Amino acid sequence: MAGMTSSARPFLNRRLAEFGTTIFAEMSALAVRTGAINLGQGFPDTDGPEEIREAAVRALRDGLGNQYPPGPGIPELRTAVAAHQQRRYGLSYDPDTEVLVTAGATEAIAAALLALLEPGDEVIALEPYYDSYAACIAMAGGTRVPVTLRPHDGAFRLDLDELRAAVTDRTRLLLVNTPHNPTGTVLTREELTAIAELAVERDLLVVTDEVYEHLVFDAAEHLPLAGFPGMRERTVTIGSAGKTFSFTGWKVGWITAPPGLVTAVRSAKQFLTYVSAGPFQYAVAEALSLPDSYFDALRADLLAKRDLLASGLAEAGFEVFRPAGTYFVTTDIRPLGESDGFAFCRALPERAGVVAIPNAVFYDHREAGAPFVRFAFCKRTEVLEEAVRRLKSLPV
C-alpha cells in the first residue's frame, strides 16, 4: 500500500521527535487563516535601508556572488565584520582566520553546536530560549541543561547561584543569549563578569548569540562576552544582519572566534549549506559600514514602538515586562484571568484579531513559562496602534 514501509520505526529520528513543527509556523498560519495582525514571528513588515537593498541589486547585476562565494564568506564581508567588532567593542579579529560567514545566526548556532559537542556533553542554556537551541543540541547528541530566568522587579533575571550549581563534570559549553529573546533581558556587566569567571574556572567553551546587539534601550548596554578577561580564546560570538538591517530573508550571519574554534565550526558548516547568500554578502558588507546615525535612528524608532505596544498591553490588562533589548515584549496573562499561554494564543486571533507566541515553547520547564506570552513590536506604527486597539477589547 502507498505510504507503508517494511519497518515500524518512525521516519523522524528520536533526537528530533520531540520538536515537530515550530510554533512560529503554526501561529503564522493562524494569522493568515484568520486575517489577524501577526505580532508573533519576529520579522519587520518594512524593508531596511534603500541604499543597502540597492547594493544587493548592484551586486546581482555586476555578477558579484551569483556563483559560489568563498567557503568562509567573501573577503569584503569578513573584513567588515572584523572592522565592526573593532569599532564598536575594541575587539580585534583577523578577517582571514577569525571570521566565518553563515546562513543566518540559525546556521551559526547549528554549526557551532555540531562542531563542538560530543554525544553526552551537557550544554547550559538560559531558559526560556530560542527554539533552535534545543533542536541543535539534540542533533549534536548533547544534553541541554536549562537555567531559568525568572521575573523579578519588572524584568527577567539570571540567578548566578543557580547557574554555578548547574555546571557538572559533563558540562562542555555555555550557550548565552544577550540581548535575550524572548524576555528582552540584557545581561549586566556584573552578570557577564560572573559568567566569564565561571567559564574560565571550569574551562568551558561559550557560544554567545548577540544578534540583537544593536537593539538595546534606556540605560542598557550591550557588552560582548568575548571582551571579558579570559573569554576571547574560548568564545564563539554570533552576529546577524537580519535584526539590525531589517532584511531577515537574506539570512546572512557570522561568527567571530579564535582560529581553532573558527576552523572547528567551519568543518561542520561546510556540510550544511557550504555557502549561501552570495550577492547579499556584498550588501551586508556595506551595511556594517553605515554611520552611527543609522544605528541611533533604528534604536529610537524601536524604542518608540516598544513604548507604544507596552503601554497598550498594560492598558489592556496584561502585566508587562518592558524589555531592555530585542524587539519583543513578554507579558503575563494572569491579570486577565488566564493561565495557559498556549490556549490563550490559539484563541486570541478569534477573540481580538491579534497573534502572539506562548513563551512556554521556549521552556523545558513548561509550567514556568505557562502564563507568559510574547508580542513583537518590529512592525509599522499604524499596525501596532491597531493591534493595541483590538487588544483593549479583551474582557478583563
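Residues numbered from 1 in each chain as written. Predicted model: local features only at pLDDT ≥ 70, side-chain atom pairs only at ≥ 80, totals over all residues. Heavy atoms only, no water.

This is how it is decided: UniProt positions are given in the numbering used here, feature names are shortened, and annotations may be inferred rather than shown by experiment.
An unreviewed UniProt entry lists the chain under the name Probable N-succinyldiaminopimelate aminotransferase DapC, with Streptomyces adustus given as the organism. Of the comments in the UniProt record for the chain, the one headed Sequence similarities (unreviewed entry) reads "Belongs to the class-III pyridoxal-phosphate-dependent aminotransferase family." Under the heading Subcellular location (unreviewed entry), UniProt records this for the chain: "Cytoplasm".

**As for the packing of helix α4 (residues 104-116) against helix α9 (residues 259-269)**
Heads up, the condition is: Convention adopted: a line fitted to C-alpha atoms gives each axis, helices being fitted over their contacting stretch, and angles between N-to-C directions are expressed from 0 to 180 degrees. Only runs of H or I of at least four residues qualify as helices and only runs of E of at least two qualify as strands under DSSP, and these elements are numbered from the N terminus. Throughout, the term roughly parallel applies to angles under 35 degrees, roughly antiparallel to angles over 145, roughly perpendicular to angles from 65 to 115, and oblique to all others. We call two residues in contact whenever any of their non-hydrogen atoms come within 4.5 Å of each other. Lys, Arg, Asp and Glu make up the charged group, whereas Ala, Val, Leu, Ile, Met, Phe, Trp, Tyr, Cys and Pro make up the nonpolar group; the residues left over, Gly among them, are polar.
Close contact between α4 and α9 brings their axes to 8 Å; oriented N to C, the two are set at 105°. Of the possible angle classes, the one that applies to α4 and α9 is roughly perpendicular. Taken together, the residues of α9 that come into contact with α4 (itself represented by E107, A111, A112, L114, A115 and L116) are L261, A264, V265, A268 and K269. Grouping the constituent residues of the contact of α4 with α9 by class yields 9 nonpolar, no polar and 2 charged.

**Here we look at the sheet that holds strand β12 (residues 328-332)**
Selection rule: A strand pair is defined by DSSP finding two or more bridges across the two strands.
Read from one edge to the other, the open sheet built from 4 strands follows the order β11-β12-β15-β14, with strand pairing classed as antiparallel. Whereas interior strands pair on both sides, the edge strands pair on one side only; in this sheet they are β11 (319-321) and β14 (357-358). Here 5 bridges tie β12 to strand β15 (residues 372-376), and the two strands are oriented antiparallel to one another. Each residue of the ladder has a partner; that of T330, found in β15, is R374.

**Thoughts on helix α11 (residues 292-315)**
Using the following cut-off: Each residue after the first adds 1.5 Å to the expected span of a helix. The rule is simple: take the accessible area with a 1.4 Å probe, protein chains only, and divide by the maximum for that residue type; under 20% is buried, over 50% is exposed, in between is partly exposed.
Spanning 24 residues, α11 covers 35 Å between terminal C-alpha atoms, matching the ideal 34 Å at 1.5 Å per step. Those residues of α11 that sit buried are Y294, F295, L298, L302, K305, R306, L309, A310, G312 and L313. Once α11 finishes, G317 follows within two positions and takes phi at roughly 110°, a positive value.

**Here we look at the pairing of strand β3 (residues 122-127)**
The two faces of a sheet get side chains in turn, since along a regular strand they alternate between them. The test is simple: By the criterion used throughout, a crossover qualifies as right-handed when its path from the first strand across the helix to the second strand runs clockwise, the strands pointing away from the viewer.
The element β3 is extensively covered by neighbouring structure, given that 6 of its 6 residues are classed as buried. Burial along β3 is two-sided: E122, I124 and L126 and V123, A125 and E127, pointing in opposite directions, are all buried. Pairing between β3 and strand β4 (residues 143-148): 6 bridges, direction parallel. Looking at β4, one finds that E127 is bridged to T148. A crossover links β3 with its parallel partner β4, the connecting element being helix α5 (residues 131-139), and its sense is right-handed. Bridging between β3 and strand β7 (residues 171-177) involves 4 bridges; their strand directions are parallel.

**Overview of the sheet that holds β4**
The pairing of strands in a sheet comes from backbone hydrogen bonds and takes either a parallel or an antiparallel form. Sheet architecture is open: 7 strands sit in the order β2-β10-β9-β8-β7-β3-β4, paired in mixed fashion. In this open sheet, the two edge strands, each paired with only one partner strand, are β2 (99-102) and β4. Pairwise comparison of adjacent strand axes, ignoring direction, gives a mean angle of 20° for this sheet. Of the strands in this sheet, β2, β7, β8 (205-209), β9 (235-240) and β10 (253-256) touch α4, which is tilted by about 160° from β9. Across the sheet, α9 is in contact with β2, β8, β9 and β10; its angle to β2 comes to roughly 25°.

**Topic: the packing of aromatic side chains**
Under the convention used in this document: We call Phe, Tyr and Trp rings a pair once their centres come within 6.5 Å, taking the six-membered ring for Trp, and we label the pair stacked below 30 degrees between planes, edge-to-face above 60, and tilted otherwise.
By the definition in use, this model includes 18 aromatic pairs. Between the aromatic rings of Y130 and Y133, the centroid separation amounts to 5.9 Å while the plane-to-plane angle is 90°, which identifies the pairing as edge-to-face. When its relative accessible area of 2% is taken as the criterion, Y133 is described as buried. With centroids separated by 4.1 Å and ring planes inclined at 5°, the aromatic side chains of F247 and W250 adopt a geometry described as stacked. Pairwise contacts between aromatic rings join Y129, Y130 and Y133 into one cluster.

**Focus on the pattern of salt bridges**
Rules: Salt-bridge detection follows one rule: a side-chain nitrogen of Lys or Arg within 4 Å of a carboxyl oxygen of Asp or Glu.
This structure, assessed with the given rule, holds 28 salt bridges. Between E386 and R390 there is a salt bridge whose closest N-O contact spans 2.9 Å. Note that E386 and R390 are positioned in helix α14 (residues 381-391) at a spacing of 4 residues, about one turn of the helix. Salt bridges sharing common partners tie together D218, R306, D307 and R322.

**Observations regarding the state of the cysteines**
Our working definition: Two cysteine sulfurs form a disulfide in these notes if their separation is within 2.5 Å.
Enumeration according to the criterion identifies 0 disulfides in this entry. C378 takes part in no disulfide bond, and the closest cysteine sulfur to it belongs to C345, at a distance of 16 Å.

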